[in-house]
Amino acid sequence: MESTNFFRFLLIFLSGALLLLFTWIHLPYASPSSNTDFLDCATNSPWCTSRNRFLSKKPATVNILKKPPRLTRHHHESDVPHHPLDPLTIRELNKVRKILSSHQLFKSSPFALHSVVLEEPDKSLVLKWQKGDPMLPRNAAVVARVNGQSHVLTVDIDTGEVNVQEANPLSGYPTMTMEDMTSATWAPLSNADFNRTIIERGVDLKDLACLPISLGWYGTKEENRRLIKVQCYSMEGTANFYMRPIEGLTVLLDMDTKRVVEITDKGKTIPIPKAANTDYRYSAQGVNQEKKLINPISIEQPKGPSFTVEDDHMVKWANWEFHLKPDPRAGVIISRARVQDPDTGEMRNVMYKGFTSELFVPYMDPTDAWYFKTYMDAGEYGFGLQAMPLDPLNDCPRNAYYMDGVFAAGDGSPYVRSNMICVFERYTGDIGWRHAESPITGMEIREVRPKVTLVVRMAASVANYDYIVDWEFQTDGLIRIKVGLSGILMVKGSSYVNMNQVPGQENLYGTLLSENVIGVIHDHFITFYLDMDIDGSDNSFVKVNIQRKRTSPGESPRRSYLKATRNVAKTEKDAQIQLKLYEPSEFHVINPNKNTRVGNPVGYKVVPGGTAASLLDHDDPPQKRGAFTNNQIWVTPYNRTEEWAGGLFVYQSHGEDTLAVWSDRDRPIENKDIVVWYTLGFHHIPCQEDFPIMPTVSSSFDLKPVNFYESNPILGLPPNVEKDLPVCKPSDTA
């Protein structure tokens, strides 16, 4: 009986479009705005074979459009690298897999490859390399688990040489593989006590959906083995199973053996919330689809986009060029960002490398089934591994260019994450600059320039939550990094159906959103790695303090004014910045070796937007691991081994290898090759408008030129004129 129930559950699990398994085997998707797009399976590996067999049995639904959006189609089997920073190709991944399979470490032992990515060449070599030069040696950086031990290796793809680095002396385990996550969700079904508990809670096993939840680190009993917690939901009556938690039921699982270590059930008296009104799909809303609040809108480009993507990864637009690639951990990596000087025509260096380094998401409920929910989404789950195929016309506008990710599965087999990144031009009616002369001057002048920008976008669905990350480039040299939060809340089951039932002193740890549903308070922190190279690698960090000064008696009718005082950071601790509203500052990255014609050092500044700071105690175990959020800005000397703010091995780490630890070494940073780290933060107190799915909330920060140019760099930008713009008939835009 248990075996039958297990297979019934597995069938339902595979057919649920929201489950994590879909992110691994790449089932097709269909949307209201696009033809069904079949994602690529690059090899004949067993999981690809299973996926193809499934597709052959289940035909996809096709929505026919008069003018379907043009997807960027790629055939990756013949890809070759054109740039030293290009990601590993399918051919290279297959070669790495073959090399490792014959290596002594892997020959007779079970293993899993947790990461196989390009080991980027030395920065100095990349900076010297120009198109047409011989390709730099191609190496793969590999993180593997063999016989329960973690290993870091370098594979020379040309020679086949394998260099095994010394075992990591610090705590923690590598990023989970997709196989780790998917197998953990069904492993509890092999345990009779678990099955019995589910049935006792009134859930049919065929309606069960479970999620793998990283457990952080809270003491010695969790050491020396990879553990994961599993919590489950009822799918009965809704696609939004997240709103139907089986509250209080937690399974502790050994991730390597897939054996249940412990089952805790402290929610037997808490009902499972009802399915009513939880489905967020358009087809389930019961609205008149002929009646719409707004008419369709589309930005048309009759001459096509103004950007190009050369050699698969080199983006060129207006006065910008940069290298773009997907990454299984970071999601998107922007490299070699350069902007053209309007006076000299020179392509000037701005940023060598930028990416999402880590995400820290602590929930604020200390009770038994919730205290451990303090996720590190990049280091534990892989931010890029959770990236979903983007939906044309909805995630990205018409004329977007789509880029695929080519990643390695746990056995080393390459697979393709289709349409993972999109690149498009954005015009929303914003103004680049303007001035209209007042009538009192007698001059009839009205000069306005439209603002058109270039956006690089990725969306990751880390189980319930969706993150939208935009890198937006402007013609005035500004780079805006924006994060949007959407998706579905992780909610807690409750016995309460109305706030009038809640005793005055009881802490719900959140907000009652619907009957029996509490949205738990939580934070989101997204830390970005920004290797700024302003006109060269040797830069300095300058904190410009804005202070109130009082005038001397008789000096002026004014009593006070503001003064800017520049302080160059000598060492790392000088550049540990906590933002303060009433002690304002600007934060400049300058090249002290190059000045403008009037003598100012060229530079860029970090312009914070709306953000939040972590309020947890520094000795709280989650905050020790997430200590990189103790400040909003850090500056460290460039070190190619220091890229992940939470450390290389984040899973179950103790926090001994974080950005905070590196920065406390207080190394010199003046006139050095430096890296700026910025953390974007959100406090989220859920509200009823977040149920059953959240409207997107966004925040951003800017990298803005400061004395980088001799004058306004977009003076030569032309205005729009009527003859250049198409006039579309209403029927053409519908």
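Residues numbered from 1 in each chain as written. Predicted model: local features only at pLDDT ≥ 70, side-chain atom pairs only at ≥ 80, totals over all residues. Heavy atoms only, no water.

As recorded in an unreviewed UniProt entry, the protein goes by the name Amine oxidase, listed as coming from Hevea brasiliensis. Looking at the Sequence similarities (unreviewed entry) heading of the UniProt record, one finds this comment for the protein: "Belongs to the copper/topaquinone oxidase family." (UniProt positions renumbered as here; feature names shortened; annotations may be inferred.)

Trainee: Describe the overall build of the protein, naming the residues involved and giving the relevant values.
Mentor: Across its full length, the protein carries 12 helices and 34 strands. Out of the 734 residues belonging to the protein, those deemed buried represent 54%. Sequence separation of 24 or more characterises 69% of the internal contacts of the protein that already satisfy a separation of 6 or more. Split by element, the accessible area of the protein, about 33,500 Å² in all, is 51% carbon and sulfur. (Helix = DSSP H or I, 4+ residues; strand = E, 2+ residues; numbered from the N terminus. Buried < 20%, exposed > 50% of the residue type's maximum accessible area, 1.4 Å probe, protein only. Contact = heavy atoms within 4.5 Å. Areas by Shrake-Rupley, 256 points an atom, 1.4 Å probe, with all protein chains shown as cover.)

Trainee: Requested: an account of empty space enclosed by the protein, with residues and values cited.
Mentor: One water molecule sets the probe size; rolling that probe over the atoms shows where empty space is left. In total, this model carries 5 cavities of 30 Å³ or more according to the counting rule given. For the largest cavity, the calculated volume is near 160 Å³. Tyr 375, Val 462, Ala 463, Asn 464 and Met 490 are, among the 16 residues lining the largest cavity, the residues nearest its centre. Going through the elements one at a time, strand 7 (208–213), helix 9 (377–381) and strand 22 (465–474) are the ones with two or more residues in the lining of the largest cavity. With 3 residues, the top contributor of residues to the lining of the largest cavity is strand 7. Its residues assigned to classes, the lining of the largest cavity comprises 13 nonpolar, 2 polar and 1 charged. Space inside the second largest cavity adds up to approximately 60 Å³. (1 Å grid on protein atoms, 1.4 Å probe; cavity = no way out; pocket = protein on both sides within 12 Å on 5 of 7 lines; lining within 4 Å. Points joined across faces, edges and corners; volume = space filled by probe spheres on them. Nonpolar A, V, L, I, M, F, W, Y, C, P; charged D, E, K, R; others polar.)

Trainee: Give me the lowdown on the sheet that holds strand 5 (residues 149–156), citing residues and values where you can.
Mentor: If you walk across this open sheet you meet the 4 strands as 3-4-5-6, and the pairing is antiparallel. Two strands lie at the open edges of the sheet, namely strand 3 (111–119) and strand 6 (162–164), each paired on one side alone. In this sheet, adjacent strand axes meet at a mean angle of 25 degrees when their direction is disregarded. Pairing geometry for strand 5 and strand 6, over 3 bridges, is antiparallel. Each bridged residue has a counterpart across the sheet, and for Thr 154 the counterpart in strand 6 is Asn 163. Sheet strands touched by helix 4 (residues 90–101): strand 3, strand 4 (139–146), strand 5 and strand 6. Its angle to strand 5, the strand with the most contacts, is close to 120 degrees. (Pairing = 2+ DSSP bridges. Axes fitted to C-alpha atoms, helices over the stretch in contact; angles between N-to-C directions.)

Trainee: Describe the pattern of salt bridges, with residues and values.
Mentor: If you walk through the whole model with that rule in mind, you get 39 salt bridges. Residues Arg 449 and Glu 447 are paired through a salt bridge, measuring 2.7 Å at the closest nitrogen-oxygen approach. What makes Glu 447 partly exposed here is its relative accessible area of 34%. One network of salt bridges, with partners in common, ties together Glu 120, Lys 325, Lys 353 and Glu 643. (Salt bridge = Lys/Arg side-chain N within 4 Å of Asp/Glu carboxyl O.)

Trainee: An account of the sheet that holds strand 8 (residues 227–234) is needed here, citing residue identities and associated values.
Mentor: Spatially, 7-8-9-10 is the arrangement adopted by the 4 strands of the open sheet, whose pairing is antiparallel. Of all strands in the sheet, those with a lone pairing partner are strand 7 and strand 10 (260–265), marking the two edges. Averaged over all adjacent pairs, the angle separating strand axes in this sheet is 25 degrees, with direction ignored. The sheet contact formed by strand 8 and strand 9 (residues 249–254) spans 4 bridges and is antiparallel. Across the sheet, residue Leu 227 finds its bridge partner in strand 9, namely Asp 254.

Trainee: Mind laying out the side chain of Asp 279, listing which residues take part and the relevant values?
Mentor: Among the structural elements, Asp 279 can be located in the loop between strand 10 and strand 11 (307–310). Judged by relative accessible area, which is 16%, Asp 279 ranks as buried. Here the side chain of Asp 279 touches Arg 281 through a polar contact of 2.7 Å, side chain to side chain. Residue contacts for Asp 279: discarding those within four places in its chain leaves Thr 238, Ala 239, Ala 284 and Gln 285. (Polar contact = N/O pair within 3.5 Å; in protein donor to acceptor, adjacent residues only side chain to side chain.)

Trainee: Which residues make up helix 4, and what values do they have?
Mentor: Given a rise of 1.5 Å per residue, 12 residues ought to cover 16 Å, and the 16 Å separating the end C-alpha atoms of helix 4 matches this to within 8%. Every buried residue belonging to helix 4 is among Ile 90, Glu 92, Leu 93, Val 96, Ile 99 and Leu 100, and all of these are buried. (Expected span 1.5 Å × (residues − 1).)

Trainee: Talk me through the environment of Ile 299; I want residue IDs and the actual numbers.
Mentor: In this fold, Ile 299 is placed in the loop between strand 10 and strand 11. For Ile 299, a relative accessible area of 44% corresponds to the partly exposed category. Sequence spacing of Ile 299 and Pro 397 is 98 residues, and the spatial spacing of their C-alpha atoms is 7.7 Å.

Trainee: How would you explain the environment of Met 181 if you had to name every residue and give the values?
Mentor: Structurally, Met 181 is set in helix 7 (residues 178–186). Sequence-wise, Met 181 and Ile 213 are 32 residues apart; in three dimensions their C-alpha atoms are separated by 8.8 Å.

Trainee: An account of the packing of aromatic side chains is requested, with residue identities and associated values reported.
Mentor: Summed over the entire model, instances satisfying the criterion amount to 26 aromatic pairs. The residue whose ring lies beneath Lys 373 is Trp 370, and the NZ or CZ to ring-centre distance is 3.5 Å. (Phe/Tyr/Trp six-rings, centres within 6.5 Å; stacked < 30°, edge-to-face > 60°. Lys NZ or Arg CZ within 6 Å of the ring centre and 35° of its normal.)

Trainee: So what's going on with helix 7? Which residues, and what values?
Mentor: Among the 9 residues that make up helix 7, 7 are buried, leaving the element largely enclosed by the rest of the structure. Met 178, Asp 180, Met 181, Thr 182, Ser 183, Ala 184 and Thr 185 are the residues of helix 7 that are buried.

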